[in-house]
Amino acid sequence: MTIFRMPADEAEARAVQDELRGRVVLDEPGPTPGTGRVTGVDVAYDDERDLVAAAAVVLDAATLEVVAESTARGRVTFPYVPGLLAFRELPAVLAALERLPVDPGLVVCDGYGQAHPRRFGLASHLGVLTGLPVIGVAKNPFTFRYDEPGPERGDSSPLMDGDEEVGRALRTRKGTKPVFVSVGHRTDLGNACAHTLALARHFRQPETTRRADALCRSALRAATA
C-alpha cells in the first residue's frame, strides 16, 4: 500500500511538497502514446457531508476501450487551499488506484504537475508516491500566462511562469478553448502533449478524464443516496 502522509496544517503541507519535490523524475520520455494502458483519475465532492469520491478508469491506449475501473470514497480531512489540493484528493485517488486489478500504465490527472507555484502539483505528488508516469491536463491555466495557441487541433503555446515554461496550452479541438498540459513524473512535456491529443479524439478533454469524471460523480451519488 502506498503511504500517504497527511499534514497537520498548511505550513506542514508546503513542507511536505518541498521535501518530495526533489524526487520528481523529469529526464524520462515516458510511455509511447497510443500503446499500452492509460488511466484517468478524478474526484467529486459533497461539501455538505465532507465526502469525497475518487475514480480510476483504465483504458486501452490504442482503442480507448475500458479495461478496468474502480472507485473509493472517504472523508475530506484537509481544507481547501489553492496549491494544496493534493492533500484533499490523494487519499481517495490512491485507494482507487490500489483497487485496480491491472497495472494502470500512464496516469492522467485532471489537474497540474509542474504547472504549480512550488512545481509539485497533484500529478507530481501522485507520481512520486506511486512511481508511475503521470501527467496533468487541466481546464484552466491556474496563475500562469500564455499566448493563445493557433486555431487548429495540435496547436500549442508555452505556459509560462516568468521566464520558465511550466507546461503548454494545447488545442485539442478546433474552435474550442485549449487545455493546459504539464509534466507530473517520469514523462517529458512533448510526450505529455502527444498523449493528450491521442486521448482527446472527439472532445476537448482526454477520454480518461471524461470517463473518470463520470464514474466518480456516480460513486458520490451512490454514497449520498
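Only a predicted model underlies this, so the values are computations on that prediction, with no experimental measurement involved.

## As for the packing of aromatic side chains
(1) Moving on: A complete count under the given rule lists five aromatic pairs for this structure.
(2) Moving on: For the pair Tyr 112 and Phe 142, a centre-to-centre distance of 5.1 Å together with 25° between the ring planes defines the contact as stacked. Pair noted here: Tyr 112 is in the loop between strand S4 (106–109) and helix H3 (122–130) and Phe 142 is in the loop between strand S5 (134–138) and strand S6 (156–161), with a separation of 30 residues, a long-range link.
(3) Moving on: The class for Tyr 112 is buried, based on a relative accessible area of 17%.

## So, the nonpolar core
(1) Moving on: The biggest cluster of nonpolar side chains holds 35 residues, and the ones touching the most others in it are Val 41, Phe 87, Val 93, Leu 97, Cys 109, Leu 126 and Val 134.
(2) Moving on: Where this core is concerned, the elements lending two or more residues are helix H1 (10–21), strand S1 (37–46), strand S2 (51–60), strand S3 (66–75), helix H2 (86–98), S4 and H3.
(3) Moving on: Ranked by residues supplied to this core, first place goes to H2 with eight residues.
(4) Moving on: With near-sequence residues (within four places) excluded, Phe 87 lies in contact with Phe 4, Arg 5, Met 6, Pro 7, Ala 13, Val 16, Gln 17, Phe 78 and His 125.
(5) Moving on: In terms of nonpolar packing, the next biggest core, distinct from the first, is built from 27 residues, Ala 44, Leu 51, Val 108 and Leu 215 among them.

## Topic: unusual backbone geometry
(1) Moving on: Of note, the phi angle at Asp 50 is positive, near 55°, even though the residue is not glycine.
(2) Moving on: Within the secondary structure layout, Asp 50 lies in the loop between S1 and S2.
(3) Moving on: In this model, Leu 64 sits at a positive phi of 65°, which is unusual for a non-glycine residue.
(4) Moving on: Its location among the elements puts Leu 64 in the loop between S2 and S3.
(5) Moving on: Leu 64 gets classed as buried once you look at its relative accessible area, which sits at 10%.

## Some details on the pairing of S1
(1) Moving on: The element S1 is largely enclosed, with a buried count of eight among its 10 residues.
(2) Moving on: Direction of pairing for S1 relative to S2: antiparallel, over a ladder of 10 bridges. The residue bridging Val 41 from the neighbouring strand is Ala 56, located in S2.
(3) Moving on: Note that S1 and S4 share four bridges and pair parallel. Across the sheet, the residue bridging to Thr 39 is Val 107, located in S4.

## Describing the environment of Ala 169
(1) Moving on: Turning to its location among the elements, Ala 169 is positioned in strand S7 (residues 164–170).
(2) Moving on: Taking relative accessible area as the criterion, Ala 169 reaches 0% and is therefore assigned buried.
(3) Moving on: Sequence separation between Ala 169 and Asp 188 is 19 residues; the distance between their C-alpha atoms is 15 Å.
(4) Moving on: In this view, Ala 169 contacts Tyr 146, Pro 149, Asp 155, Ser 156, Ser 157, Leu 159, Pro 178, Val 179 and Phe 180; residues no more than four positions away in its chain are not counted.

## Quick word on helix H4 (residues 189–199)
(1) Moving on: Burial analysis of H4 places eight of its 11 residues in the buried class, the great majority of the element.
(2) Moving on: If you check which residues of H4 are buried, you get Leu 189, Asn 191, Ala 192, Cys 193, His 195, Thr 196, Leu 197 and Leu 199.
(3) Moving on: Close packing links the buried residues of H4 with S1, S4, S5, S7, strand S8 (179–185) and helix H5 (207–224).
(4) Moving on: Measuring from the backbone nitrogen of Gly 190 back to the side-chain oxygen at the start of H4 gives 3.4 Å, which picks out Asp 188 as the cap.

## Considerations on the sheet that holds S2
(1) Moving on: Spatially, S3-S2-S1-S4-S5-S8-S7-S6 is the arrangement adopted by the eight strands of the open sheet, whose pairing is mixed. Two strands bound the open sheet, and with one partner strand each, they are S3 and S6. Put simply, the sheet's adjacent strands are angled 25° from each other on average, direction ignored.
(2) Moving on: H4 contacts S1, S4, S5, S7 and S8 of the sheet and is inclined by roughly 15° relative to S7.

## Looking at the pattern of salt bridges
(1) Moving on: Counted by the stated rule, this structure contains 15 salt bridges.
(2) Moving on: Taking the shortest distance from any N to any O, the salt bridge between Asp 213 and Arg 217 comes out at 2.9 Å. Residue Asp 213 and its partner Arg 217 are located together in helix H5, separated by four residues, close to a single helical turn.
(3) Moving on: Of the residues examined, Arg 217 reaches a relative accessible area of 46% and is grouped as partly exposed.
(4) Moving on: If you follow the salt bridges from partner to partner, you end up with Arg 5, Glu 19 and Arg 23 in one network.

Calculation criteria
Residues numbered from 1 in each chain as written. Predicted model: local features only at pLDDT ≥ 70, side-chain atom pairs only at ≥ 80, totals over all residues. Heavy atoms only, no water. Phe/Tyr/Trp six-rings, centres within 6.5 Å; stacked < 30°, edge-to-face > 60°. Helix = DSSP H or I, 4+ residues; strand = E, 2+ residues; numbered from the N terminus. Buried < 20%, exposed > 50% of the residue type's maximum accessible area, 1.4 Å probe, protein only. Core = buried A, V, L, I, M, F, W, Y, C linked by side-chain atoms within 4.5 Å. Contact = heavy atoms within 4.5 Å. Pairing = 2+ DSSP bridges. Polar contact = N/O pair within 3.5 Å; in protein donor to acceptor, adjacent residues only side chain to side chain. Axes fitted to C-alpha atoms, helices over the stretch in contact; angles between N-to-C directions. Salt bridge = Lys/Arg side-chain N within 4 Å of Asp/Glu carboxyl O.

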